[in-house]
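Fold and contact review
Residues per chain are reported as follows:
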Amino acid sequence: MNPDGAAAEDLALSHLVAHGCRLVSRNFRSRFGEIDLIVSHGPALVFVEVRKRSRRDYSSAADSITAAKRQRIVATAQIYLARRRDDVPCRFDAVLVDGTGRIEWVRDAFGA
């Protein structure tokens, strides 16, 4: 991961923790891809995609989470959940970081 990506994940994690989340796993990998952050938020297990865009002349950070990327995240989440023995509600969130460090937390950014 590049330094900008790591810094964006650090910012996102700090933001989530400040809003009541607890880190469960970071950079969980499967053969399908990677989930940046897995946190618990209340009763839910949340799979978080962190995106940073420093330039506005490209697509937005939210637009960069393509259908193919969402499919890889969901497939990786299914592998993670198969390893757990409990049944917990889940959701997929996105944390978007712009070039100024402004953070937007999008809950239920997409579904499985």
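Residues numbered from 1 in each chain as written. Predicted model: local features only at pLDDT ≥ 70, side-chain atom pairs only at ≥ 80, totals over all residues. Heavy atoms only, no water.

**A word on the sheet that holds strand E1 (residues 22-29)**
Note the cut-off: Two strands qualify as a pair provided DSSP detects at least 2 bridges between them. Counting from the N terminus, the helices are DSSP H or I runs at least four residues long and the strands are E runs at least two residues long. Axis definition: a line fitted to C-alpha atoms, limited for helices to the stretch in contact. Angles are taken between N-to-C directions and run from 0 to 180 degrees. When checking whether two residues touch, look at their non-hydrogen atoms; a contact exists if any pair is within 4.5 Å.
Here five strands make up an open sheet; going across it, the order is E1-E2-E3-E4-E5 and the pairing mixed. In this open sheet, the two strands that pair with only one neighbour each are E1 and strand E5 (103-110). The sheet shows a mean angle of 30 degrees between the axes of neighbouring strands, direction not considered. Bridge analysis of strand E2 (residues 34-41) against strand E3 (residues 44-53) gives five bridges, and the strand direction is antiparallel. Pairing of Val39 across the sheet is with Val46, part of E3. Packed onto the sheet, helix H1 (residues 3-18) meets E1, E2, E3, strand E4 (90-98) and E5 and runs at close to 10 degrees relative to E2. Helix-sheet contacts for helix H2 (residues 67-83) involve E1, E2, E3, E4 and E5, and the interaxial angle to E3 is about 145 degrees.

**Concerning unusual backbone geometry**
The backbone of Asn27 shows a phi angle near 55 degrees, a positive value even though the residue is not glycine. Turning to its location among the elements, Asn27 is positioned in strand E1. Backbone geometry at Asp108 places phi at a positive 55 degrees, although glycine is not the residue there.

**Describing the environment of Asn27**
As a reminder, the rule being used: A 3.5 Å cut-off defines polar contacts: any pair of N or O atoms within that distance qualifies, except that in protein one atom must be a possible hydrogen donor and the other a possible acceptor, and neighbouring residues in sequence count only when both atoms are side-chain atoms.
Expressed as a C-alpha distance, the spacing of Asn27 and Val48, which sit 21 residues apart in the sequence, is 10.0 Å. Looking at Asn27, its side chain comes within polar contact range of the side chain of Glu34, at 3.5 Å.

**What to know about the side chain of Lys69**
Relative to the assigned elements, Lys69 resides in helix H2. Excluding anything up to four places from it in sequence, Lys69 contacts Glu34, Glu49 and Arg51.

**Examining the pairing of E1**
Relative to E2, E1 is paired through six bridges, and the arrangement is antiparallel. Paired with Arg29 across the strands is Glu34, a residue of E2. Hairpin remark: E1 followed by E2, antiparallel, with four residues in the connecting loop.

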